[in-house]
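The lines below spell out each chain.
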Amino acid sequence: MTAQTLVTTTPAQVTARPRRRFLGRGGEDRPSRKTTLVLVVCSIAVFLPLYATLTMAFKTTAQSVDGQVFSLPSPFSVDGFVQAWNLTNFPRGFAISVFVTAVTVVGTVLLASFAAYAIARNWDRRFFRWSFFYLLAAMFLPFPVLALSQVKLTGMVGLANPVGVALLHVMFQLSFSVLLFTAFIRGLPEELEESGRLDGAATWMVFRHIVFPMMAPMSATVAIFAFLASWNDFMMPSLITADSTLQTLPVLQNVFQTQFSSNYNVAFASYLMAMTPAIVVYLFTQRWVMSGVTQGAIK
Amino acid sequence: MATAAVTRPGSRDVAAPATLRVRRARVPRAFYLFLVPTLVLFTLSITLPAVMGITLSFTDSVGFGEFQFTGLTNYVALFSDPAIRASYAFTIGFALVTVVLVNVLAFLLAVGLTARIRAKVALRAVFVLPMVISGIVIAYVFNFLFSNSLPQLGQAVGITALEQSLLANPDLAWVTIVVVTAWQAIPSALLIYIAGILSIPGEVYEAASMDGASPARRLVSITLPLVTGYVVINMVIGFKNFLNAYDIIVGLTNGGPGTATRSIAMTIFSGFTGGDYAYQMANATIFFLIAVVLAVVQLRLNRGRSAF
């Protein structure tokens, strides 16, 4: 939906405002229509698969097999959604995805901020400094390297389920998150914490009432990355979770490759339902997503 | 970590005056409580599997039951296994092509998105969007487009090569994987380039345009050299990520046709079923060593770059 409104409003804005030009200005100062137009044309590459998903999802099964992917649905049908809802047991898959993602987000923000606070404020101690590099090392450890052993271990301790997936998601997010939090805490003035400590507050209280609230912007960034990584992950849940009825939404989509491969409208309705939550979250959190990527890479 | 905890016992009296040792006040115990549980969890779920995997790579384990140490047998076998070699050749080739494509496109888009344009915020939001969409799901969508729409287009335009699905063509199926991976990977490279371009002081451009440098000239002589550090970082990060290729391949070709597009990750995961558990552990260990080398390269580059 958003995809369509954006693609129609952007060119409209471009053509609606070229009058506001000042003759005396040099070429550098006015927005370039040519560049804008080129970018709008390029953005078709982003929208094409999303547009296809959208139109296919609202077609009837009969129309969806005619091979005209980009034609508009006629008649407009929500049958695909109804069937996808039942076929993939959407409510259960959604609940499991929400559970795994929520545990990952909360777990990552809490564990990483605790660890980063301890590390940043005791950097002169070898134990804390080495812990930092120890946690960081995992950033360079790809999941496929650990997968075979992790599948075996989670099976042995009864974690071959969404709880185990969430735990591993937290662990794989830790490195990046501790790195971001530690850098952020180093930039916070220690005086505030000291005044709290002079008032007799314990470390925990100082963290809870002074440090954690100040870290809110960084927590938002860390939380969004944990959300995206966890919500969209396919590799880990597909390997770790043994019971296929406990799978997350991305893994459930494989049912349309094997069993119901000709009900295209149903498949696309299901894809749409799986990708929409992340798109909605992105629309509200763009700023943090964008700044987070930059911070993560340039640290 | 145990030793460190032992050498600083009884850290209870937080408020004790640290007159004797001037700067080294005792670490409040809470700090250990903040850190140690996480370290333990991390060790159990990351370090232990890593050590276990590397150890088992020197055995003949099939994933359960008894096993014997067989030294380097698995490693010797790996290097002469055509299936393994093919997966490394495919994955590294794919990663190289993708990393170049992604960086060229992301750089050009970043130049456009930092220029004076209309609807800048909306356009940036649009180009970052693919980043938030699940790889496997978008691969299924593209799978449909490649097997239905593209052949139709091929017929309509009269390009015979496109009339059949690229996914079924052993020589060209990799192209589809490059396209979808690039679609998803461009946003993060783009954001890093935008940050890089914005960090170039405006005066540099002003001086250049006063000297009569054309926009193209400014791009080649100013922007490109000044973002070299970002190019290198993007290349290394991208290459590292693309070596892990899995989701998108599963959604597009599932390693096929035949084994033409089987990535390293896919061969490692085959160790679950084929009875060559220890063998694939050895494969994973080799893969790990490659990751370590890349990590060292990245850290060196980071250190070098932050100097300017």
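Bear in mind the structure is a predicted one, so any value in this text is a computation, not a measurement.

Participant: What am I meant to see in the overall build of chain A here?
Facilitator: Each helix and strand in chain A was counted, giving 15 helices and zero strands. Evaluated residue by residue, chain A yields a buried proportion of 45% over its 299 residues. Contacts in chain A between residues at least 24 apart in sequence constitute 76% of all its contacts with a sequence separation of at least 6.

Participant: It is not clear to me how the overall build of chain B should be interpreted in this structure. Could you clarify?
Facilitator: The secondary structure content of chain B amounts to 14 helices and zero strands. Helices and strands in chain B line up, N terminus first, as α-α-α-α-α-α-α-α-α-α-α-α-α-α. Counting only contacts in chain B whose residues sit at least 6 apart along the sequence, the fraction spanning at least 24 positions is 67%.

Participant: It is not clear to me how helix α7 (residues 143–156) of chain A should be interpreted in this structure. Could you clarify?
Facilitator: For an α-helix, 3.6 residues make a turn, and residues three or four places apart therefore share a direction. All names here are of chain A. In a regular helix each residue adds 1.5 Å, so 14 residues correspond to 20 Å; α7 covers 19 Å between its end C-alpha atoms and thus fits that length. When the local axis directions of α7 are compared, the greatest deviation, roughly 35°, occurs at Ser149. Gly158 sits one or two positions beyond α7 and adopts a positive phi of about 75°.

Participant: When you look at the interface of chain B and chain A in this model, what are you seeing that I'm missing?
Facilitator: Buried accessible area, meaning the area lost when the parts come together, often serves as the stated size of an interface. Contact with chain B, which involves 75 residues of that partner, is made by 77 residues of chain A. Secondary structure elements with two or more residues in the side of chain B that touches chain A: α2 (29–56), α4 (82–114), α5 (120–128), α6 (135–157), α8 (173–198), α11 (228–243), α13 (264–269) and α14 (277–305) of chain B. It is α2(B) that provides the largest number of residues to the side of chain B that touches chain A, a total of 14 residues. Broken down by class, the residue content of the side of chain B that touches chain A amounts to 57 nonpolar, 15 polar and three charged.

Participant: I would appreciate a short explanation of the domain arrangement of chain A in the present structure.
Facilitator: Residue and element names in this part refer to chain A. Taken as a whole, chain A is organised into domain 1 (1–10 + 27–87 + 260–299) and domain 2 (90–252). Computed from C-alpha coordinates alone, the two centres of domain 1 and domain 2 are separated by 30 Å. For the side of domain 1 that touches domain 2, the leading source of residues is helix α15 (residues 264–298), giving twelve residues. When grouped by side-chain class, the residues that make up the side of domain 1 that touches domain 2 number nine nonpolar, five polar and one charged.

Participant: What is the right way to read the packing of helix α9 (residues 190–198) of chain A against helix α10 (residues 203–214) of chain A from this model?
Facilitator: Two measures define how a pair of helices packs: the angle their axes make with one another and the distance between the axes. Residue and element names in this part refer to chain A. Closest axis-to-axis distance for the α9/α10 pair is 10 Å, and the angle between their directions is 145°. Relative to α10, the crossing made by α9 is right-handed. On α10, the residues that touch Leu192, Glu193, Gly196 and Arg197 of α9 are Val206, Ile210 and Val211. Per-class residue counts for the contact of α9 with α10 are four nonpolar, one polar and two charged.

Participant: Is there a simple way to think about the environment of B:Leu33 in this case?
Facilitator: Residues and elements named next belong to chain B. Its place among the elements puts Leu33 in helix α2. Looking at Leu33, the number of C-beta atoms within 10 Å reads 13, which means it is partly exposed. Separated by 112 residues in sequence, Leu33 and Leu145 have C-alpha atoms that sit 53 Å apart.

Participant: Before we go on, may I ask you to explain the confidence of the model for chain A in this structure?
Facilitator: Low-confidence regions, as indicated by low pLDDT, have predicted coordinates that should not be scrutinised in detail. All names here are of chain A. Residues at a pLDDT of 70 or more form 88% of chain A, whose mean pLDDT is 84. Predicted confidence in chain A is weakest over helix α1 (residues 2–16), with a mean pLDDT of 35, and strongest over helix α5 (residues 90–121), with 96. The model gives residues 1–27 a pLDDT under 50, and that stretch makes 26 contacts with residues more than four places away or in other chains.

Participant: What exactly am I supposed to notice about helix α2 (residues 33–57) of chain A here?
Facilitator: Residues and elements named next belong to chain A. Taking 1.5 Å per residue as the helical rise, α2 with its 25 residues ought to reach 36 Å, and the 35 Å between its terminal C-alpha atoms agrees with that figure. Along α2, the sharpest change in direction is near 45° and occurs at Phe47; proline Pro49 comes one to four residues later. Burial in α2 covers these residues: Thr36, Leu39, Val40, Ser43, Val46, Pro49, Leu50, Ala52, Thr53, Met56 and Ala57.

Participant: Just to check I follow, could you spell out the confidence of the model for chain B for this structure?
Facilitator: Residues and elements named next belong to chain B. With 89% of its residues at a pLDDT of 70 or more, chain B shows a mean pLDDT of 85. With pLDDT under 50 throughout, residues 1–21 is counted as low confidence; its partners more than four residues away or in other chains account for 17 contacts. Among the scores for the predicted complex, ipTM is 0.84 and pTM is 0.85.

Participant: How should I be thinking about unusual backbone geometry in this particular structure?
Facilitator: Excluding glycine, most residues fall at negative phi; most peptide bonds, likewise, are trans. Residue A:Pro75 follows A:Ser74 across a cis peptide bond; omega there is 0°. Considering the arrangement of structural elements, one finds A:Pro75 in the loop between α3 (61–64) and α4 (79–87). A cis amide bond links B:Gly256 to the next residue, B:Pro257, at an omega of -5°. Mapped onto the fold, B:Pro257 is located in the loop between α12 (247–252) and α13. The backbone phi angle of A:Asn89 is positive, close to 50°, even though this residue is not glycine. In this structure, A:Asn89 sits in the loop between α4 and α5.

The rules behind each value
- Positions within a chain are numbered from 1, following the residues in the order the chain's sequence is written.
- A letter from A marks each chain and a number from 1 marks each ligand, given out in the order of writing.
- Confidence filtering applies because this is a predicted model: local features only for residues at pLDDT of at least 70, side-chain atom pairs given and counted only at 80 or more, and all residues used for totals across whole chains, interfaces and linings.
- We count a stretch as a helix when DSSP gives it H or I for four or more residues in a row; a strand needs E for two or more, and each element gets its number in order from the N terminus.
- The burial label depends on the number of other C-beta atoms within 10 Å of a residue's C-beta. Counts of 20 or more mean buried, 12 or fewer mean exposed, and intermediate counts mean partly exposed, with C-beta atoms placed from the backbone.
- By the convention adopted here, residues are in contact when the distance between their C-beta atoms, placed from the backbone, does not exceed 7 Å.
- To estimate the expected span of a helix, subtract one from its residue number and multiply by 1.5 Å.
- Each residue is assigned a bend, namely the angle between axes fitted to the seven residues that terminate at it and the seven residues that start at it.
- Gly falls in the polar group here, along with every residue not listed as nonpolar (Ala, Val, Leu, Ile, Met, Phe, Trp, Tyr, Cys, Pro) or charged (Asp, Glu, Lys, Arg).
- What fixes the domain bounds is an automatic or database domain assignment.
- Only the contacting stretch of a helix is used when fitting its axis, a line to C-alpha atoms as for every element, and angles between N-to-C directions run 0 to 180 degrees.
- We call a crossing left-handed when the near helix sits turned anticlockwise from the far one by less than a right angle, and right-handed when that turn is clockwise.
- Note: pLDDT gives the predictor's confidence per residue, expressed from 0 to 100.

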